[in-house]
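Below are the chains, spelled out letter by letter.
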Amino acid sequence: MARETQQSTSKNIVELATFYIGDALCGMNILKVQEINKLMKMTKVPQAPDYVLGILNLRGQIVTIIDLGKKLGLGETDISLDPRNIIVNSSGSYVGLLVRKIGDVVEADMKKLEASPANMRGIQGDYFTGVYKTQSNLIGILDIDKVLSIDE
Amino acid sequence: MQFEDDEILQGFIEESLEHLADIENDLLAIEESGSNIDEDLVNKVFRAAHSIKGGAGFMGLTAIQELSHASENVLGMIRSKKLTPNPEIINVLLLASDQLQRMIEDVQNSNDVDITSHVDPLNAIADGTFAQTAPLPEQHAPRETPPAPEKKPAAEIPPLEIDLEEEPEFLPEPEIVAPPEPEYDPHPEQPEEAEEEFQEETEEDLYEPETPALMTASPAVVDTQPMAAANTPQRAALKPETTIRVNVSLLDSLMTLAGELVLSRNQLLQTIGTDDFRNAETVGQRIDLITSELQEAIMLTRMQPIGNVFNKFPRVVRDLSKKLKKKIDITIVGKDVELDKTIIEAINDPLTHLVRNSVDHGIEMPEARRKIGKSDSGLVVLKAYHEAGQVVIEISDDGKGLDGEALAESAVNKGLLTAEQIKLMSEKEKINLIFLPGFSTAAKVTDVSGRGVGMDVVKTNLDQLGGHVDITSEVGRGTTISIKLPLTLAIIPCQIIMTGGERYAIPQVNLEELLRIPANQVKERVERVGDAEVVRLRGNLLPLIRLSDVIGLDRTYWDNNEEEFKEDRREQMSDRRGKESPLFGTEAREERKKKQQAPNRSVIDRRHSASSALNIVVVSTGSMKYGLVVDRLLDSEEIVIKPLGRHLQQCKGYAGATIMGDGRIALILDVSNLARIANLTSLDGSDRAAEVAIAAEEAIKAQKDKQALLIFRSSEYEQFGVPLNQVERIEKIKLSDIEELGGKRVMKYREGSLSLIRVDDVAMVQPLADIDNLLVIVFNVANRNVGLLAIGPIDAIEISVDIDDVTLKQTGIMGSAIIDTHTTMLVNIFELVQTLFPEWFHNMEKYELGEDDDGVAPTILLAEDSNFFRNQVKSYMTESGYDVIEAEDGKIAWELLQQHKELISMVITDIEMPNMNGFELTKTIRSDPRFTGIPVIALTTLAAEEDVAKGMAVGVDEYHIKLDKERLMASVHHYMKKMH
């Protein structure tokens, strides 16, 4: 709650980068996104957690590619369907989030953010900071730092 | 106060402030976890305090030294669990660390600061008298008005109550203690920096009406949380920027190079637009050249002479030796050797520890030295030099050296290792025990060293740097510790290898050699010991690890002809078809036929092709050495290490990643962790120890006996084994040494003739190989020597296997076992000799027959879980005319003994048995008054000294080795005679 109020006072309109994980439309603050790539050739890391697809070289930075679908329990993202990589900088290291499809950029009024349901199309509600309703859609706002935390 | 060397002082200040910055949060974390102590954390704080103390002592900052010493004492007690950290204790420690920080920030005046108000309560805690005597309130004064040393009169404030559970005598007077509590408790928890932010949240607590004393502890604990958070940014801001001094000429050359690079870039840009390939090539070369020069120059800016660290040691040694009343000279060699700045900084602490150790523990007192003929003054030598692209630093002393046995004993006494583990260790491993955390050789704790921090700090720090520590020591002659360090941490040379289609890098520091075993030699050179595969390398056994197995990839191999990786189906490297031998069971042969009919021809044909060769990277880490089996060996390259993201931190097999020339990433292997993952546990990699350890582990697991066997061959294809303890010696002879006289084979042996026998004289096995170089295994049977002719290779192994006493049993062969995938026939040397020279036994048998006069055969209870050994021992007994009651384990034996208590006149028991072992059985028998007089003989395959001692303690009369028939029977007769 504290977080929401804080956001509403500091900044009301946030641009959301939206993308699909499975069928779920999710979004994140576009300022967190460094770039969006096609899937490049990766180096596999044996012994890595199953949601880590591999690592790749992004202009001299080592980027860990994470299958967001798998990480959130929605099953593997089909690599043959031309998925995209959203590169974010999370806690100092670069991480690539593999998603099924990229959606539009949506301007969202954070005041209208609603509490997330316990479960949204198969994704645990914990991973969302909230849900934003557009005219046609529901966008789950992913808490990327939480998704990428390694507490398990 | 004047300081001679400003740079060292500055270094000390920076380093200490860094340590202190961490201490605070760590202390709070320790407090939070309470009695559930996180040892690593306590260790970390402890070492920080230790380092500050060490540095301060050297700089002559007595006040800082005294205060950190007192803190260290308390932390030491927490570490050894003598003290449970509670908020009050942590509070005192925190106050002390704040005071330390203030003193270090104003180091010039630090010696004038009165620190008794901090030292006294710390010492009180350490003495266990904290609650009664500590005038703790004095502490609050500097707290609330930080720089002012003014104190409130002690009389005003009653002593602070501490952990009531620990001090039950305090309980009767809580009401006296209670009133001032709410006033004081929240206060000391606040650092001054955090006070403002903190005010809001704590105000309620502060002005809350009287809280019962017992309650105060809990708000205090909660309070620490926001404080820790508020602190972090402040601390970070305080941290000084690290700077480096660079020679101006070096900067100039960097400038020039940068200019050249810009020029080349312009040229390149121009060339890109045209089709002039030759020009592009030239520009490319030029850029290549400049880049390498630039890289070198930049590396140089980070290089500093090791003298920066070495220079402080003459003083350290002088001061210390004065303090300890020793005479010590120090020699420094190689001051100019340059190392990366980060490394120079990081080796400061470890080196200080090592030098202090040498001075304190290594060098003896002058009198002691004189007694053993050494000169009065000891010598410590510090030496730095380049070797194979690394820098080696040696610290040697001519002191008393390290006694491996003493170290081992001490480790056992401290509960760090078990006596069993020690037994498997080599001398070198024992010396390396000194690196175990919590290990200290000094009998008492001194100000100088001897808390058991030194060596494990050294090891941890050096490990982080990618360095190696190696100790060589000779008792009475001195110790040399050599540290191998990489020149720099940023760029390391690596061997690139390929497995499963991916490239991996192995740091060259870990690389010993590359080994390729051609396909046709794999069978001979790769063997199995227990579960591990080993390769014979110049007479030593080297454990092998398959990289693909360790990191969980499918096995592949590189097909040279088709230039691709293919799936490998072999289970074991040693699983290659060899020459047909009658020893292989029909089952195995059939299986093979099936395999040969398998559809995939390429797998079958492969054993003849070059791709079947094994590529092995021999790596060493610390003193462990093993072979890593990989698919392909590629180039060696200089690579830049990049860390892996946090999602991959759990993959312990990698030290990082690097970007290769083609832009792809290769993982850097961490060879010591790979060994750990593969359960290659030996501290030394001495293969013997590893084998023994494996065998021991299995024996414990299976509750089976270990058997030491000498493995040999008689014909080329049949492997035999005899119990090692029956073997007297092994001689190498030539075929021509054998003489045939009077129908008997003899040779000259120690002034007499030695009868020579062959396994095939008696048993139906293949005849002795017709070769010139033979071996004679000498046994002592019936008090006479007899030599068994054999051929190599011979090996002594310790195994625990099931012995099959049916399939291959015949006269002279007591059974068979599978050893290293070879069926091995166990030779019964008594039977061989008995068959060939029956006359040798005449005297003996008479002695045996005259044994029992009253007509009834005495009965022996035999407890033994292995069928094979039970049958063997039983046959010895029945041959000599005794009746035997058999039991499969100790429990059954005990029941049988009770049933037949009149009948049984002796118990022979194995040690390792399920349900009830031999020790327990003996104990049970000895504790029952009905069986007081009954002799108990214990049988063992390995008469280990401690087993013997343990057996004697529980009441075993005698110990014998299972297959040593003569001694066993002599002893049985002896006891029987006594009984009748």
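Residues numbered from 1 in each chain as written. Chains lettered and ligands numbered in written order. Predicted model: local features only at pLDDT ≥ 70, side-chain atom pairs only at ≥ 80, totals over all residues.

Q: I would appreciate a short explanation of the overall build of chain A in the present structure.
A: Tallying secondary structure elements over chain A gives 3 helices and 12 strands in all. The buried share of chain A, reckoned over its 152 residues, is 37%. (Helix = DSSP H or I, 4+ residues; strand = E, 2+ residues; numbered from the N terminus. Buried ≥ 20, exposed ≤ 12 C-beta atoms within 10 Å, placed from the backbone.)

Q: Where do I start with the overall build of chain B in this structure?
A: Counting its secondary structure elements, chain B contains 35 helices and 35 strands. Long-range contacts, defined as pairs at least 24 residues apart, comprise 66% of the intrachain contacts of chain B with a sequence gap of at least 6. (Contact = placed C-beta atoms within 7 Å.)

Q: What is the right way to read the confidence of the model for chain B from this model?
A: Segments scoring low in pLDDT should not have their predicted coordinates read at a detailed level. Residue and element names in this part refer to chain B. Mean pLDDT over chain B works out to 72, with 73% of the residues at or above the 70 mark. Low pLDDT (under 50) marks residues 132–240, which in the prediction has 122 contacts with non-local residues, meaning those over four places away or in another chain. pLDDT under 50 marks residues 682–690. Its contacts with residues more than four places away, or in other chains, come to 30 contacts. Both scores are given for the predicted complex: the pTM is 0.41, the ipTM 0.81. (pLDDT = per-residue confidence, 0-100.)

Q: Would you mind showing me how to read the sheet that holds strand β31 (residues 859–863) of chain B here?
A: Hydrogen bonds between backbone atoms are what pair the strands of a sheet, whose relative direction is either parallel or antiparallel. Residues and elements named next belong to chain B. Strand order in the open sheet made by the 5 strands is β32-β31-β33-β34-β35, with parallel pairing throughout. Whereas interior strands pair on both sides, the edge strands pair on one side only; in this sheet they are β32 (883–887) and β35 (958–961). Going from strand to strand, the sheet's axes swing by 25° on average, the running direction of each strand aside. Note: strand β33 (residues 904–910) against strand β34 (residues 936–940), 4 bridges, orientation parallel. Looking at the pairing, I908 lines up with I937 of β34. The sheet strands contacting helix α31 (residues 867–879) are β31, β32, β33 and β34, and the helix crosses β32 at an angle near 165°. (Pairing = 2+ DSSP bridges. Axes fitted to C-alpha atoms, helices over the stretch in contact; angles between N-to-C directions.)

Q: Can you help me understand the confidence of the model for chain A in this one?
A: Residues of chain A with pLDDT of at least 70 account for 88%, and the chain-wide mean is 80. For residues 1–9 of chain A, every residue scores under 50 in pLDDT, and the model assigns this stretch 4 contacts once sequence neighbours within four places are set aside.

Q: Just to check I follow, could you spell out the sheet that holds strand β19 (residues 654–659) of chain B for this structure?
A: All names here are of chain B. Strand order in the open sheet formed by 5 strands is β18-β8-β9-β20-β19, and the pairing between neighbours is mixed. Edge positions in the sheet fall to β18 (632–640) and β19, since each has one partner strand and no second. Taking the axes of each pair of neighbouring strands and ignoring which way they run, one obtains an average angle of 35° across the sheet. Sheet topology note: the strand β8 (residues 491–499)/strand β9 (residues 502–507) ladder contains 6 bridges and is antiparallel. Counterpart to T499 in the pairing with β9 is E502.

Q: What should I look at first to understand the packing of helix α4 (residues 87–105) of chain B against helix α5 (residues 116–127) of chain B in this one?
A: Any two packed helices are characterised by how steeply their axes cross, that is the angle between the axes, and by the distance between the axes. All names here are of chain B. Put simply, α4 and α5 touch, their axes get as near as 10 Å, and they point 145° apart. As α4 packs across α5, the resulting crossing turns out to be left-handed. For the pair α4 and α5, the contacting residues are I89, V92, L95, A96 and Q99 in the first and H118, P121, L122 and I125 in the second. Looking at the contact of α4 with α5, its residues break down into 7 nonpolar, 2 polar and no charged. (Left-handed = near helix turned anticlockwise from the far one by under 90°. Nonpolar A, V, L, I, M, F, W, Y, C, P; charged D, E, K, R; others polar.)

Q: Where do I start with the pairing of β31 of chain B in this structure?
A: On a regular strand, one side chain projects to one face of the sheet and the next to the other, so that they alternate. Residues and elements named next belong to chain B. Where burial is concerned, most of β31 is hidden: 4 out of the 5 residues are buried. Pairing of β31 with β32 involves 5 bridges; the strand directions are parallel. Bridge pairing in β32 links T859 to D883. Chirality of the crossover, the property in question, places the unit of β31, α31 and β32 among those that are right-handed. Where β31 meets β33, 5 bridges bridge the pair, whose relative direction is parallel. (Right-handed = clockwise from strand over helix to strand, strands pointing away.)

Q: Teacher, can you tell me more about the pairing of strand β30 (residues 822–827) of chain B here?
A: Residue and element names in this part refer to chain B. Inspection of the sheet shows strand β22 (residues 719–723) paired to β30 by 3 bridges, in the parallel sense. Bridge pairing links F720 to M825 in β30. With 6 bridges connecting them, strand β29 (residues 813–819) and β30 associate as antiparallel partners. In the strand pairing of β30, I819 is matched with H822. In this antiparallel pair of consecutive strands, β29 and β30, the connection spans 2 residues, and D820 shows a positive phi of 55°.

Q: Is there a simple way to explain helix α2 (residues 39–59) of chain B in this structure?
A: Residue pairs three or four apart in sequence face the same way in an α-helix, which turns once every 3.6 residues. For α2 of chain B, which comprises 21 residues, the first-to-last C-alpha distance of 30 Å matches the rise-based estimate of 30 Å (1.5 Å per residue) to within 8%. Counting buried positions along α2 of chain B gives 16 out of 21 residues, so the element sits mostly inside the fold. (Expected span 1.5 Å × (residues − 1).)

Q: Even after reading the chapter, I still don't get the nonpolar core, so can you show me in this structure?
A: Generally speaking, nonpolar side chains in soluble globular proteins are found buried as a group. Ranked by size, the top nonpolar core spans 79 residues in total, and within it I55 and I65 of chain A together with I506, I545, L628 and L669 of chain B carry the most contacts. Core analysis: the second largest hydrophobic core is formed by 66 residues, F712, V776, V907 and I911 of chain B among them. (Core = buried A, V, L, I, M, F, W, Y, C linked by C-beta atoms within 7 Å.)

Q: I'm lost on the environment of E512 of chain B in this one. Help?
A: Residue and element names in this part refer to chain B. Looking at the element boundaries, E512 is found in strand β10 (residues 511–517). Residues E512 and V619, spaced 107 residues apart in sequence, show a C-alpha to C-alpha distance of 5.2 Å. Ignoring anything within four residues of it in the chain, the contact list for E512 reads V618, V619, S620 and K625.

Q: I tried to follow the environment of D760 of chain B on my own but got confused; where do I start?
A: Residues and elements named next belong to chain B. With respect to the helices, strands and loops of the structure, D760 is situated in helix α28 (residues 759–762). A count of 16 C-beta atoms within 10 Å places D760 in the partly exposed class. Residues D760 and S715, 45 residues apart in the sequence, show an inter-C-alpha distance of 9.3 Å. When residues no more than four places from it in sequence are discounted, the contact partners of D760 are S714, V765, Q766, P767 and L768.

Q: Is there a simple way to explain the packing of helix α15 (residues 313–324) of chain B against helix α16 (residues 341–362) of chain B in this structure?
A: Residue and element names in this part refer to chain B. Where α15 meets α16, the closest approach of the two axes is 10 Å, and the angle between their N-to-C directions is 35°. For the crossing formed where α15 meets α16, the hand is right-handed. Side by side, α15 and α16 meet where F313, V316, V317, L320, S321 and L324 of the first sit next to T352, V355, R356, V359 and D360 of the second. Residue composition of the contact of α15 with α16, by class: 7 nonpolar, 2 polar and 2 charged.

Q: Looking at this model, I keep getting lost on unusual backbone geometry. Mind explaining?
A: Negative phi values dominate among residues other than glycine, just as trans dominates among peptide bonds. One non-glycine residue with positive phi stands out, namely Q47 of chain A, at about 75°. Taking the number of C-beta atoms within 10 Å as the measure of exposure, Q47 of chain A has 17 and is therefore partly exposed. Positive phi outside glycine occurs at K325 of chain B, with the angle close to 60°. Mapped onto the fold, K325 of chain B is located in the loop between α15 and β2 (328–333).

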